[in-house]
Each structure stands twice: as C-alpha cells, then as structure tokens.
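# Survey of secondary and tertiary structure
Okay, here's what each chain looks like letter by letter:
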Amino acid sequence: AEDITIIAGLNFEKGRITLKTENYTENEAVKALMKKQLEAFGKANNTFVKYFPASTLMFVNLGIKGEGLYNLLSENKEFRNTVSISKADEVKELFSSFNGDISAGLINVTMNSAPTFIVYADVKNGNALEALYKNKQALGLKKGEDILELGKNEYVYKSKGMNVFFGIKDKQMYATNDELLYKNIEKAADKSIKDAPYASEMKGKTVFMAINAEAILELPVVKMLIGFGGEKFRTGSEMLSKVSYLSVSSEGETSEIDLCLKDKDVNALKLIVDFGKQFTGM
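Residues numbered from 1 in each chain as written. Predicted model: local features only at pLDDT ≥ 70, side-chain atom pairs only at ≥ 80, totals over all residues. Heavy atoms only, no water.

### Topic: the overall build of the chain
Scanning the chain for helices and strands turns up 10 helices and 13 strands. Taken along the three principal axes of its C-alpha coordinates, the chain extends 65 × 50 × 35 Å. Relative to its 282 residues, the chain shows a buried fraction of 35%. Look at the contacts in the chain between residues 6 or more apart in sequence, and 60% of them connect residues 24 or more apart. Here the chain has roughly 16,800 Å² of accessible surface; of this, 55% comes from carbon and sulfur atoms. If you average the places of the 37 positive and of the 38 negative side-chain charges in the chain, the two averages end up 3 Å apart. (Helix = DSSP H or I, 4+ residues; strand = E, 2+ residues; numbered from the N terminus. Buried < 20%, exposed > 50% of the residue type's maximum accessible area, 1.4 Å probe, protein only. Contact = heavy atoms within 4.5 Å. Areas by Shrake-Rupley, 256 points an atom, 1.4 Å probe, with all protein chains shown as cover. Lys, Arg positive; Asp, Glu negative; His and termini not counted. Charge placed at Lys NZ, Arg CZ, Asp CG, Glu CD.)

Quick look at the structure:
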C-alpha cells in the first residue's frame, strides 16, 4: 500500500459535491496485483434493480467473477489458514458459482426488530447451497440455530434473533430476513430503483452504492428521534433534508463519491457556507 499514490479531486458543483480518486503506482508488482483484483470484478448489468423499491435505504450493486475472486483470495495467507484443504474444493465451488450481478438492499429499520434486508445474486447452479445444507453439521451451529429445507432449493436459517430465508430460483440466488419479501421473491416493485434519482449513474459501474437520504428521513423511527432529540437533531435533519442521496462508485482504478442535493441549481459550497452561518448565528 505504501507504493500506491491516490490522486484525488474535490469539486463543488451545482447540485452536488464530487470527490474523484484514482490509484497510481510505478511498482510493477503492485500493478500486477491491482490488475488481478480488477479481473475479479466486471461491469454490473443491473439485473436485479427492478426487485428493489425506490425507497430502499441503502443499495449496493456490483458485478463479480466468482472464480477470479477465489483465485485472488487463495493467495491471501489468512484466507488459506481459515479454509482447510479438505474444504477447499467446496469453497471454490461456492465462489465459482457466482457469475454476474450481486445486489443488496437495506429495506427498513424499526425499533422492534432487526433491520430488513434482501440480497440477490446471479449464480450458475444451486450445488453450493445444497452442499451447505447437507453439511450443516460442520458449520458449528449454536444451540437454537438450525438450517431447514423448505422445498427444492429453498431453505431457512433459524435462530433466536431472526430467520433468514435463502435459496435459488431461475439461477438467481436470494436471501432475506423478511418473510413477506421471501414470499414475493422475483416480484418487481411497483416503483423500483429504476425510478430512483441515482439510477442513471449506475450504468457501466463495477461497484455502486447509494444511501437514500430522502427515504431515511421518512422512517418513523427517525421522525421520532428528530421530534424528541432536541435542537441538535432538528439542525441535523434540516441539513439532511437538503440532500437527495450519497453514492460511492468504482469503475476500473477510478472511484467516485457524490453527495447529491435535491436542489440541482444551488452550488453545494454556497449551501454549506449558508448553513454554517445559520448554525453559528453569523
């Protein structure tokens, strides 16, 4: 890492703050390593965006080449020490089964239960999940934990804290801790991430993550905190209410972080200065 220089540029534009970074090195060994890392990922096809509601709180989308990722990890000493030789073939098959998009979303947060999530992934077949179920005794499950078969290529991991439903359908792997989402697997959302303000920016990216500020402010638990949290919470929510979303993306050796505002015409730096004046009473 000490031989890698990160070149960055920070721009305050109309409606957004953009930080772009790029890795630079003259070390040939590091160049070879970065090339191998890039070979483990590919451009995402946005296969699963239609299944996630536009109100998804946090969304992650990436394109992955499972075999390339396994080859990269197999050169890592800690990974080799963790994965025994007897399990190496099974782990390789698990990684190699992933080929295409992986999408994950944080759907809801409440005071009464664990945050609701759902994950989709392109896979070659269901062999890895079947092997996982058949060898569940080797997973070291604790008291109160179990993996049950619900049907062909359908399973549930049960614990005292929550249940996680997972399986494969039409060469698409899924996992969720919400039973309603499980029952509606592969059902397109009425208003999906295709309609989200950041949808167009995902195209051609290897990795893309977005945090939806507008949806977070609409959560009942957040509204309650703002209502009872005092002046600091109200001031913070006022600033957050100006934000549409925060995105982090990567394409090759270039990465980008964007803080996008609701008002596309206001200069972001001016907004920060004006808020600072308001906060300090200037």
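Don't stop here, the text continues.
### Some thoughts on the side chain of Asn61
Structurally, the position occupied by Asn61 is in strand S4 (residues 58-65). Asn61 sits in the buried class, given a relative accessible area of 1%. For Asn61, the side chain forms a polar contact with the side chain of Ser103, separated by 2.5 Å. In this view, Asn61 contacts Ala44, Asn46, Asp101, Ile102, Ser103, Met202, Thr206, Val207 and Phe208; residues no more than four positions away in its chain are not counted. (Polar contact = N/O pair within 3.5 Å; in protein donor to acceptor, adjacent residues only side chain to side chain.)

### Topic: the confidence of the model for the chain
Confidence in the prediction for the chain averages 86 pLDDT; 94% of positions are at 70 or higher. The spread of mean pLDDT over the elements of the chain runs between helix H3 (residues 77-82), the lowest at 71, and strand S11 (residues 207-212), the highest at 96. (pLDDT = per-residue confidence, 0-100.)

### A short note on the pairing of S11
With burial as the criterion, only one face of S11 is covered, namely that bearing Phe208, Ala210 and Asn212; the residues Val207, Met209 and Ile211 on the opposite face remain uncovered. Across five bridges, S4 lies against S11 in antiparallel orientation. Looking at S11, one finds that Asn61 is bridged to Phe208. Pairing of S11 with strand S12 (residues 243-251) involves six bridges; the strand directions are antiparallel. Counterpart to Ala210 in the pairing with S12 is Ser247. (Pairing = 2+ DSSP bridges.)

### Some words on the side chain of Asp122
With respect to the helices, strands and loops of the structure, Asp122 is situated in strand S6 (residues 116-123). Notably, Asp122 is buried but unbridged: the nearest opposite-charge side chain belongs to Lys171, and the N-O separation is 9.8 Å. Excluding residues that lie within four positions of it along the chain, Asp122 makes contacts with Thr47, Phe48, Ser97, Phe98, Asn99, Gly100, Asp101, Lys171 and Gln172. (Salt bridge = Lys/Arg side-chain N within 4 Å of Asp/Glu carboxyl O.)

### Remarks on the pattern of salt bridges
Scanning the model with the defined rule gives eight salt bridges in all. Of the charged contacts, one joins Asp258 and Arg16 as a salt bridge, the two residues approaching to 3.2 Å between their closest N and O atoms. Here Arg16 lies in strand S2 (residues 16-24) and Asp258 lies in strand S13 (residues 254-261), a separation of 242 residues in the sequence. On the basis of relative accessibility, which here comes to 1%, the residue Asp258 falls in the buried class. Because the salt bridges share partners, they merge into one network encompassing Arg16, Glu201 and Asp258.

### Points about the packing of aromatic side chains
For any pair of aromatic rings, the description rests on two quantities: the centre-to-centre distance and the angle between the ring planes. Tallied over the full model, the rule gives 11 aromatic pairs. For the ring pair Phe52 and Phe59, a centre distance of 5.0 Å and an interplane angle of 65° mean the geometry is edge-to-face. Here Phe52 matches Phe59 in class, with each residue buried. An angle of 10° between the planes, with centres 4.6 Å apart, marks the rings of Phe165 and Tyr182 as stacked. Highlighted residues: Phe165 in strand S9 (residues 163-169) and Tyr182 in helix H6 (residues 179-183), separated in sequence by 17 residues. (Phe/Tyr/Trp six-rings, centres within 6.5 Å; stacked < 30°, edge-to-face > 60°.)

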